[in-house]
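The residues making up each chain are set out below.
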Amino acid sequence: MSVIDKPRPVAAPAGPAREPRVTDEHGRRVRGWELALRYTLLLAVLALTVGPFLWQLSTSLKGPTEDIYSSPPTFLPEHPTAHNYERVADTIPVWDYALNSLKVATANVVTNCVGAALAGYALARLRYRGRRAATLAFILAMLVPVEGIIIAQFTTMRELGLNNTLVGVVLPGCIGAMNVLLMRNAFLNLPYEIEEAAYVDGANVWQRFLRIALPSVKGTLAVVAIFAFMGAWDDFLWPLIVLSDPSKFTLTIGLNYLHGTFANDERLVAAGTVIAVAPLIVLFACLQRYFFRGVGEGAVKG
């Protein structure tokens, strides 16, 4: 028998193709109905959270001839226009208000990042008498509602001569108790061996803080920055109490006047709302890479 005539092995018949398995984070198989239920819940949450903003954006782009109360409602504008944003700027000094809010929010971010990082490092890494009592004080400070101390804050600002100033708006929230505890927990997750090695090499406390600890908690710093910016940008009650000069109003107070004067013109109110929310979206888009890095915060990098 020649080489050509040798019998070739018969391939086994291919079985039915297996469907790809979907597993969870623990490697367990997720059934089809469970996967469909999860996606349904995610879409429902997405509609509840993003839907109102998209509706406001759509309303702000609709012209005066379009009916925003039609049934069924129309989501996409027939003739998109940016004229409503021009009307907002013509009605109130919205850009001046936005600049005041930006000053307050930027100062709040800087003071919270610096102050919370220093306080969190002191609570987590330094050894001194009264450290547990100081930590307990920050925890108790989170339990006190703002409305319960707002009169005391106003009296303090008046005694300091800071009423009707942007400094008076920034000062009560310059360091948040929650931000201090966030930084403390982040520093606690750092291995002590790293700082011990730096200490053996002759690094002092400031060098260990600036060169070892702080670069390892950038994710938590981003969280603190986002929370501080959002809290200062969206704050309405305290600026309304401490400010009386219209030229120093923040954006939230200015938009409240817009809504009160033109309550029937929802397009104008929607345009002002989009102007107020846009900086928060931009900030989160810029810091989301650090924001979602908190899971591996404090890990040793090789």
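For the structure, check the block above.
About the thresholds
Residues numbered from 1 in each chain as written. Predicted model: local features only at pLDDT ≥ 70, side-chain atom pairs only at ≥ 80, totals over all residues. Heavy atoms only, no water. Helix = DSSP H or I, 4+ residues; strand = E, 2+ residues; numbered from the N terminus. Buried < 20%, exposed > 50% of the residue type's maximum accessible area, 1.4 Å probe, protein only. Contact = heavy atoms within 4.5 Å. Salt bridge = Lys/Arg side-chain N within 4 Å of Asp/Glu carboxyl O. 1 Å grid on protein atoms, 1.4 Å probe; cavity = no way out; pocket = protein on both sides within 12 Å on 5 of 7 lines; lining within 4 Å. Points joined across faces, edges and corners; volume = space filled by probe spheres on them. Nonpolar A, V, L, I, M, F, W, Y, C, P; charged D, E, K, R; others polar. Core = buried A, V, L, I, M, F, W, Y, C linked by side-chain atoms within 4.5 Å.

### Looking at the overall build of the chain
- The helix and strand inventory of the chain stands at 13 helices and 0 strands.
- Traced from its N-terminal end to its C-terminal end, the chain shows the element sequence α-α-α-α-α-α-α-α-α-α-α-α-α.
- The 302 residues of the chain split such that 32% are buried.
- Of all intrachain contacts in the chain linking residues separated by at least 6 positions in sequence, the fraction that spans at least 24 positions is 71%.

### Remarks on the pattern of salt bridges
- Counted by the stated rule, this structure contains 2 salt bridges.
- Note that Glu195 and Arg125 form a salt bridge whose closest N and O atoms lie 2.8 Å from each other. In this pair, Glu195 sits in helix H8 (residues 192–200) while Arg125 sits in helix H3 (residues 94–125), placing the two residues 70 residues apart along the sequence.
- Note on Arg125: relative accessible area 9%, which makes it buried.
- The residue Glu195 makes a salt bridge to Arg208 at a minimum N-O spacing of 3.4 Å. On the criterion of sequence distance, the pair formed by Glu195 in helix H8 and Arg208 in helix H9 (residues 205–213) is long-range, its members being 13 residues apart.
- Residues joined by salt bridges that share partners form a network here, namely Arg125, Glu195 and Arg208.

### Let's talk about empty space enclosed by the protein
- One pass over the structure, following the stated rule, counts 1 cavity of 30 Å³ or more.
- There is about 30 Å³ of room inside the largest cavity.
- Lining the largest cavity are Arg125, Leu190, Pro191, Ile194, Glu195, Ile212 and Ser216.
- Residues that form the lining of the largest cavity fall into these classes: 4 nonpolar, 1 polar and 2 charged.

### Overview of the nonpolar core
- In terms of nonpolar packing, the biggest core is built from 51 residues, with Met183, Phe187, Trp233 and Leu251 touching the most fellow members.
- The biggest single contributor to this core is H3, with 12 residues.
- Discounting chain neighbours no more than four positions away, the residues touching Leu251 are Val94, Tyr97, Ala98, Ser101, Trp233, Ile275 and Ala276.

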